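Residue-level structure breakdown
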Amino acid sequence: MKEVQERSGAKIILAFKGFAMWSAFPLIREYLGGATASSLHEARLCVEEMGVASHTYMVAYPPREFQQIAGLSSHMTFNSWSQWMQFSDQVPDEVSCAIRVNPGWSDVDTDLYNPAGLNSRLGVSSQDMPDELPAKIEGLHFHVLCESNSYALEKVLKQLESGFEKFLHQIKWLNMGGGHLMTSEGYDVDHLVTLLKAFREKYNLDIILEPGSAVAWQTGDLHATVLDVVERGGVKTAIADISFTCHMPDCLEMPYRPVITDAHQDTGQGKYAYRIGGVSCLAGDFLEAYGFDQELKPGDPLIFEDMMHYTMVKTTVFNGVQHPAIGVVRNGEFELVREFGYQDYKSRLS
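Remember, it's a predicted structure, so these values are computed and weren't measured experimentally.

1. Details of the overall build of the chain
The helix and strand tally for the chain stands at 10 helices and 17 strands. Taking 350 residues into account, the globule formula puts the C-alpha radius of gyration at 20 Å, and the chain, at 22 Å, falls close to it. Projecting the C-alpha coordinates of the chain onto the three principal axes gives extents of approximately 65 × 45 × 45 Å. Of the contacts made within the chain by residues no fewer than 6 positions apart, 64% connect residues no fewer than 24 positions apart. Here the chain displays about 17500 Å² of accessible surface, and carbon together with sulfur accounts for 49% of that area. Within the chain, the 46 negative side-chain charges are centred at a point lying 3 Å from the centre of the 28 positive side-chain charges.

Put into structure tokens, the structure is as follows:
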């Protein structure tokens, strides 16, 4: 990411919605210059733990929180013209403002994660843009990608130009949102750099990217233990001391199928097949079968790989299920950062 910034002239900031483990922020600050927030709490976290004001975007700003959010922000993006009209006079002079636009195309196939889906509430369409941007609008923001490659971004930029080109000449900065999985194996970083540099120079713009997953890609093993093995209709399910709906909802929503260490994604590659079940009472709290070379029994470890992005930030306390502790491995040594207990569960309720 540091290389992409240096070569392209773009700025990359961290999206808290994908990764907000603030004990890791000292490391991230060595490479990235800021973060993007989508709520008052995230904006506070940015100031308190990243040490900088946030680039803030909210689908709708609550009036009771607006002044506090504005005071924590360097940039603010508005989702609609009605929101802009409501709050434009309350924005401090030092805060740079933008409107979120919807290019109308995305490579995301899962409707739940597609910001450019039919009748999307996210961003302003080209037909709803004025002839000229208000004087206080200095930027445009779009976000229609999700764990996408640079060629998907190239298509989005062409779509953006087809509907919003005249406005690109009226602004100072363009936020290209998240979903740029530039840290994944096989990502064409050279192509990304070429795109960003050319677009920045063509319109004389500051370019901002705000990935979440890419910052924590291929990191964060989730260690679990088999508690029981049940069999119904010839199907065996290994029930572990985790929950997909509580700890890793993307596995059910996306659906994201994590790698399990020493297991096979294809059951045909192992001698034994087991679905992996969670401990919540949700009937669908399981993943379809993986292949294993050995039979599973209570006490056996299960290690789910690459589980930091969009996992810790989306956990719930459904059923009061115990949350995994958080730790960091430094120079081969494990350091416990945080454990969760009864008070964490109780404090969410009243």
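2. A closer look at the side chain of E210
By the element assignment, E210 lies in the loop between β9 (206-209) and β10 (222-232). For the buried E210, no salt bridge is present, and the opposite-charge side chain at shortest range is K17, 5.1 Å distant. For E210, the side chain forms a polar contact with the side chain of T36, separated by 3.1 Å. Side-chain polar atoms of E210 contact the side chain of N175, separated by 3.0 Å. Excluding its chain neighbours within four sequence positions, the residues that come into contact with E210 are I13, A15, T36, H141, N175, G177 and G178.

3. Topic: a nonpolar patch on the surface
On the surface, L252, L282 and F318 cluster together to form a nonpolar patch covering roughly 230 Å² of accessible area. Mapped onto the elements, F318 comes out in the loop between β15 (301-304) and β16 (326-330). Taking relative accessible area as the criterion, F318 reaches 37% and is therefore assigned partly exposed.

4. Let's talk about helix α6 (residues 150-168)
Compared with an ideal rise of 1.5 Å per residue, which puts 19 residues at 27 Å, α6 spans 20 Å between its outermost C-alpha atoms and falls more than 12% short. At S162, α6 is bent by approximately 70°, the largest bend along its length. What α6 keeps buried is the set S150, A152, L153, V156, L157, L160, E161, F164, F167 and L168. Elements in contact with the buried residues of α6: β7 (137-141), β8 (173-175) and α7 (189-203).

5. Here's the deal with the sheet that holds β15
Strand order in this open sheet of 6 strands is β12-β14-β13-β11-β10-β15, and the pairing throughout is mixed. Of all the strands in the sheet, just β12 (263-264) and β15 have a single pairing partner and so form its edges. Inspection of the sheet shows strand β11 (residues 235-240) paired to strand β13 (residues 272-277) by 3 bridges, in the parallel sense. Note that in β13 the partner of I239 across the bridge is G277.

6. Looking at the packing of α6 against α7
One way to put it is that α6 packs onto α7 with a least axis distance of 11 Å and a crossing angle of 10°. Taken together, the axes of α6 and α7 lie roughly parallel to each other. Residues S150, Y151, L153, E154, L157, L160, E161, E165 and L168 of α6 touch α7, and the partners they reach there are H191, L192, L195, L196, F199, K202 and Y203.

Rules of the game
Residues numbered from 1 in each chain as written. Predicted model: local features only at pLDDT ≥ 70, side-chain atom pairs only at ≥ 80, totals over all residues. Heavy atoms only, no water. Helix = DSSP H or I, 4+ residues; strand = E, 2+ residues; numbered from the N terminus. Rg over C-alpha atoms; globule rule 2.2 N^0.38 Å. Contact = heavy atoms within 4.5 Å. Areas by Shrake-Rupley, 256 points an atom, 1.4 Å probe, with all protein chains shown as cover. Lys, Arg positive; Asp, Glu negative; His and termini not counted. Charge placed at Lys NZ, Arg CZ, Asp CG, Glu CD. Buried < 20%, exposed > 50% of the residue type's maximum accessible area, 1.4 Å probe, protein only. Salt bridge = Lys/Arg side-chain N within 4 Å of Asp/Glu carboxyl O. Polar contact = N/O pair within 3.5 Å; in protein donor to acceptor, adjacent residues only side chain to side chain. Patch = residues over 30% accessible without salt bridge, like charges linked within 9 Å, V, L, I, M, F, W, Y side chains within 5 Å. Expected span 1.5 Å × (residues − 1). Bend = angle between axes of the 7 residues up to and from the residue. Pairing = 2+ DSSP bridges. Axes fitted to C-alpha atoms, helices over the stretch in contact; angles between N-to-C directions. Parallel < 35°, antiparallel > 145°, perpendicular 65-115°, else oblique.

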